[in-house]
Amino acid sequence: MPLWRLQLSAEERAWGHWLVVRRNCNRPEERAYYIAFAPRAEATLERLAKVAGQRWAIEVGFELAKQQCGLDEYEVRRWPAWHRHITLALLAHACLVVLQRRAKKGALSSGGSH
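Each chain carries its own residue numbering, running from 1 in the written order of its sequence. Totals for whole chains, interfaces and linings use all residues, but because this is a predicted model, local features are given only for residues with pLDDT of at least 70 and pairs of side-chain atoms are given and counted only at 80 or more. Side-chain measures were taken over the full set of non-hydrogen atoms in the model, leaving aside hydrogen atoms and water.

1. Some words on the pattern of salt bridges
A side-chain nitrogen of Lys or Arg and a carboxyl oxygen of Asp or Glu constitute a salt bridge if their distance falls within 4 Å. In this structure the tally under the stated criterion is three salt bridges. A salt bridge links Glu42 to Arg47; the nearest nitrogen and oxygen atoms lie 3.7 Å apart. Classification of Arg47 by relative accessible area gives partly exposed; the value is 46%. Between Arg55 and Glu59 there is a salt bridge; the shortest N-O distance is 3.0 Å. Remark: Glu59 and Arg55 occur in helix H3 (residues 55-69); sequence separation between them is four residues, near one turn of the helix. With a 1.4 Å probe rolled over the protein chains alone, any residue whose accessible area is under 20% of its type maximum counts as buried; one over 50% counts as exposed, and the rest are partly exposed. Given a relative accessible area of 44%, Arg55 falls into the partly exposed group. A run of H or I in DSSP becomes a helix once it reaches four residues, and a run of E becomes a strand once it reaches two; helices and strands are each numbered from the N terminus.

2. Some thoughts on the confidence of the model for the chain
When the pLDDT values of the chain are averaged, the result is 86; 96% of them are 70 or greater. In predicted models, pLDDT denotes the confidence assigned by the predictor to each residue on a 0 to 100 scale. Summarising per-element confidence for the chain, the mean pLDDT is lowest in strand E1 (residues 2-3) (83) and highest in helix H4 (residues 79-109) (91).

3. A word on the packing of aromatic side chains
Note on aromatic pairs: the rings of Phe, Tyr and Trp (six-membered ring only in Trp) are paired at centre separations within 6.5 Å, and the planes decide the class, stacked below 30 degrees, edge-to-face beyond 60, tilted for the rest. Enumeration over the complete set of coordinates arrives at three aromatic pairs. Their ring planes at 20 degrees and their centres at 5.1 Å tell us that Trp15 and Phe37 sit as a pair that is stacked. Pair noted here: Trp15 is in strand E2 (residues 15-23) and Phe37 is in strand E3 (residues 31-39), with a separation of 22 residues, a long-range link. In textbook terms, an aromatic cluster arises when at least three aromatic residues are bridged by ring pairs, as seen for Tyr74, Trp79 and Trp82.

4. Considerations on H4
For H4, spanning 31 residues, the distance from its first C-alpha to its last is 45 Å, which sits close to the expected 45 Å at 1.5 Å a residue. Those residues of H4 that fall on the buried side of the exposure criterion are Ile86, Ala89 and His93. Residues count as neighbours in contact if any of their non-hydrogen atoms are within 4.5 Å of one another. Of the surrounding elements, those touching the buried residues of H4 are H3. Under the convention used throughout, the expected extent of a helix is 1.5 Å for every residue step, that is, one less than its residue count.

5. With respect to the sheet that holds E3
At least two bridges found by DSSP between two strands is the condition for calling them paired. One open sheet accounts for three strands, arranged E1-E2-E3; its pairing is antiparallel. Single-partner strands in this sheet number two, and they are E1 and E3. Sheet analysis places E2 next to E3, joined by nine bridges and oriented antiparallel. Bridging from a neighbouring strand, Gly16 pairs with Ala38 of E3. Here helix H2 (residues 45-53) sits on the sheet in contact with E2 and E3, set at roughly 60 degrees to E2. The angle between two axes is taken between their N-to-C directions and runs from 0 to 180 degrees, where each axis is a line fitted to C-alpha atoms and a helix contributes only its stretch in contact.

This is the structure:
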């Protein structure tokens, strides 16, 4: 459902806000609500639903980065230090995911025997 706000310039009117309500397929009474902000020309119902559905995978990724790479274990006082810590932790997590995928792919292609 589109949400309306005052947009004076043409540049502002090119972007829109939507209320996206997603229900759980297993428990239809459960709903999740999102506010989406996107270019009007690209925000179809299908695309908004797809992006909302990817939220869970992103949250799982952050949780794994916290557990495996210390994403949430920082004691910093300034923005540059926080930015460096978060960047390095997420980079380390990305490397671990790539290595894990390659190892699984190698095990599958070799028949799983070592």
